[in-house]
Amino acid sequence: MDEILINGGKRLCGDVRISGAKNSALPILASTILGGGECIITNVPRVVDVLTMGKLLGILGVKVSHEGNRAVIHAGTIESTEAPYDLVKTMRASVLVLGPLLARWGEAKVSLPGGCAIGSRPINLHLAGLAKLGADISIDQGYVTAKAARLKGGRIYCDTPTVTGTENLMMAASLAEGTTVLENAAKEPEIVDLADFLVKRGARIHGAGTDVITVEGVRELHGGDHEVIPDRIEAGTYLAAAAITRGDVTATHCRPNHLEAVLMKLREAGAEIQEEKDSVRLTMPKNLRGTDVRTLPFPGFPTDMQAQMAALMSLAEGTSVVTETVFESRFMHVEELRRMGADIRVEGNRLVVTGCKKLTGAPVMASDLRASAGLIVAGLAAEGTTQIQRVYHLDRGYERIEEKLGVLGAYIRRRPAGASH
Ligand code: UD1
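We now turn to the structure provided with this report. (Residues numbered from 1 in each chain as written. Predicted model: local features only at pLDDT ≥ 70, side-chain atom pairs only at ≥ 80, totals over all residues. Heavy atoms only, no water.)

The sheet contact formed by strand E20 (residues 343–347) and strand E21 (residues 350–354) spans 5 bridges and is antiparallel. Each residue of the ladder has a partner; that of Asp343, found in E21, is Thr354. Joining the antiparallel neighbours E20 and E21 is a turn of 2 residues, in which Gly348 adopts a positive phi near 60°. (Pairing = 2+ DSSP bridges. Helix = DSSP H or I, 4+ residues; strand = E, 2+ residues; numbered from the N terminus.)

Below you can see the structure in the form of structure tokens.
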């Protein structure tokens, strides 16, 4: 298993091109199951989760060819309607094939994802929604099986806005008979991107990006072309890295309007930020100041930026409170940040971060995708060498991260674990 070594303290400067959004590419790829025509998807990030989704589609019998950042997909026939445990356990988003398989082929069997490093992550809302659309759902030997000759439109209220749940239900409802109204739907930009792609292929969807989505079912979807939106979390991560190193970085090919809550907090922390149509430049004319952050569904501050923000706050003046409201225990990075000298106290779902003068490099362990990103941000500012183990978490969601940071001037390299210098 690879590890990443960072010699911190280098100011990051220059332009970094933001890749396509992993969390958009995954549902978009899964949605190709909904029709038989050819789909050409561009700006697809080459990250492990996307490759896993390609593998899963392949197992189902969907033809996927992936070249660079372009994927050509053809879901003419199906060979299986089962998403096996071996794949689902490596990527929870595999559950995104549930709605499309059921809607198009009348049946889906998907392994239940099981435990997760960031707390309990049930899929009960996905299942309750599909049941409302008439699916017969059963759970047996770790698998959920859903069956329906044809789904029927209905009214669904989500107790909590769920991103992949909304996507699953929107995809399923696209082929249902009649109209579905999804209330308290998630409003993330990735949902709008998926809806745009589905509409291009003949789906009738209104209200994506608001908390009420209406879907008029159609018989089938045709093929279509689509460019995946930029990854707002990747952009936010590079901007946090720029802030902690007092750098001057421009994130290009991104959408500043998807990043408003993050940019607001970075400004409060002392950053100067210039937004253009598709780029954001961050400089740090002032000292890093503490600021409170509360994670919320979009348009609130994203939980996927919480670890990076906690790392940033650990070097800021004063005390910051970081409150996690989306997931129940997403603080695995805290112990590792403490090993680097950060002063962070966990109080229930809050972190009390007291800014310290410096962080020092240490061997640390990545526990999930965004926790690893937090450790990278900390390592870039730490004195000495930070050795981040279990980098596979990072590879699930960041395209060529060491190369991109290297171009910005970071001393960062990857080596196989156990190898000597
Ligand atoms: C998606 C993102 C992930 C991000 C998260 C929150 C993808 C592939 N992943 O994950 O990066 O951190 O949104 O922005 O897009 N919940 C239930 N029952 C359900 C579903 C969810 O109780 O059936 C709860 C979850 O436990 C959590 C909250 O709802 O507390 C939000 O989770 P959700 O939006 O579903 O996250 P994901 O879609 O899994």
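And the narrative resumes.
Attention shifts here to the layout of surface pockets. What the second largest pocket holds in volume is close to 250 Å³. The wall of the second largest pocket is formed by Ala243, Ile244, Arg246, Asn287, Leu288, Leu315, Ala316, Glu317, Gly318, Gly355, Cys356 and Lys357. The residue makeup of the lining of the second largest pocket, split by class, is 6 nonpolar, 3 polar and 3 charged. (1 Å grid on protein atoms, 1.4 Å probe; cavity = no way out; pocket = protein on both sides within 12 Å on 5 of 7 lines; lining within 4 Å. Points joined across faces, edges and corners; volume = space filled by probe spheres on them. Nonpolar A, V, L, I, M, F, W, Y, C, P; charged D, E, K, R; others polar.)

On to helix H1 (residues 22–31), then. With 9 of its 10 residues buried, H1 lies for the most part within the structure. Listed as buried for H1 are Lys22, Ser24, Ala25, Leu26, Pro27, Ile28, Leu29, Ala30 and Ser31. (Buried < 20%, exposed > 50% of the residue type's maximum accessible area, 1.4 Å probe, protein only.)

Once that is clear, we can look at the site of the ligand. The immediate surroundings of the ligand are formed by 19 residues, with Asn124, Thr162, Thr164, Asp304 and Val326 found nearest. Leu125 has a polar backbone atom sitting 2.7 Å from an oxygen atom of the ligand. Between an oxygen atom of the ligand and a side-chain N or O atom of Thr162, the distance comes to 2.7 Å. Compared with its free state, where it exposes 740 Å², the ligand has 85% of that area covered by protein. Going through the elements one at a time, helix H5 (124–132) and helix H6 (163–174) are the ones with two or more residues in the shell around the ligand. With 3 residues, the top contributor of residues to the shell around the ligand is H5. A per-class count over the shell around the ligand returns 8 nonpolar, 8 polar and 3 charged. (Near = heavy atom within 4 Å. Polar contact = N/O pair within 3.5 Å; in protein donor to acceptor, adjacent residues only side chain to side chain. Areas by Shrake-Rupley, 256 points an atom, 1.4 Å probe, with all protein chains shown as cover.)

On to the sheet that holds strand E15 (residues 248–252), then. Strand order across the open sheet formed by 4 strands is E2-E15-E17-E16, with mixed pairing between neighbours. The sheet is open, and its two borders are formed by strand E2 (13–17) and strand E16 (272–275), each paired with just one other strand. Across the sheet, the mean angle separating the axes of adjacent strands is 15° when strand polarity is ignored. Bridging between E16 and strand E17 (residues 279–283) involves 4 bridges; their strand directions are antiparallel. Directly across from Gln274, in E17, lies its bridge partner Arg281. Running at roughly 20° to E17, helix H8 (residues 232–244) makes contact with E2, E15 and E17 of the sheet. Here helix H9 (residues 260–268) sits on the sheet in contact with E16 and E17, set at roughly 150° to E16. (Axes fitted to C-alpha atoms, helices over the stretch in contact; angles between N-to-C directions. Contact = heavy atoms within 4.5 Å.)

Before going further, it helps to examine the packing of aromatic side chains. Applying the stated criterion across every chain yields a total of 0 aromatic pairs. Directly above the ring of Tyr143 sits Lys109, whose terminal nitrogen or CZ lies 5.0 Å from the centroid. (Phe/Tyr/Trp six-rings, centres within 6.5 Å; stacked < 30°, edge-to-face > 60°. Lys NZ or Arg CZ within 6 Å of the ring centre and 35° of its normal.)

Either a parallel or an antiparallel arrangement is found when strands of a sheet pair, and the pairing is made through backbone hydrogen bonds. Judged by pairing direction, the sheet is mixed, and its 4 strands sit side by side in the order E6-E7-E9-E8 without closing on themselves. Each of the sheet's edge strands pairs with one partner strand only, and the pair in question is strand E6 (82–83) and strand E8 (136–140). As judged from the 2 bridges shared by E6 and strand E7 (residues 107–111), these two strands associate in the parallel manner. In the strand pairing of E7, Glu82 is matched with Lys109. Against the sheet, helix H4 (residues 98–105) makes contact with E7 and strand E9 (143–147), and its axis sits at roughly 160° relative to E7, the strand it touches most.

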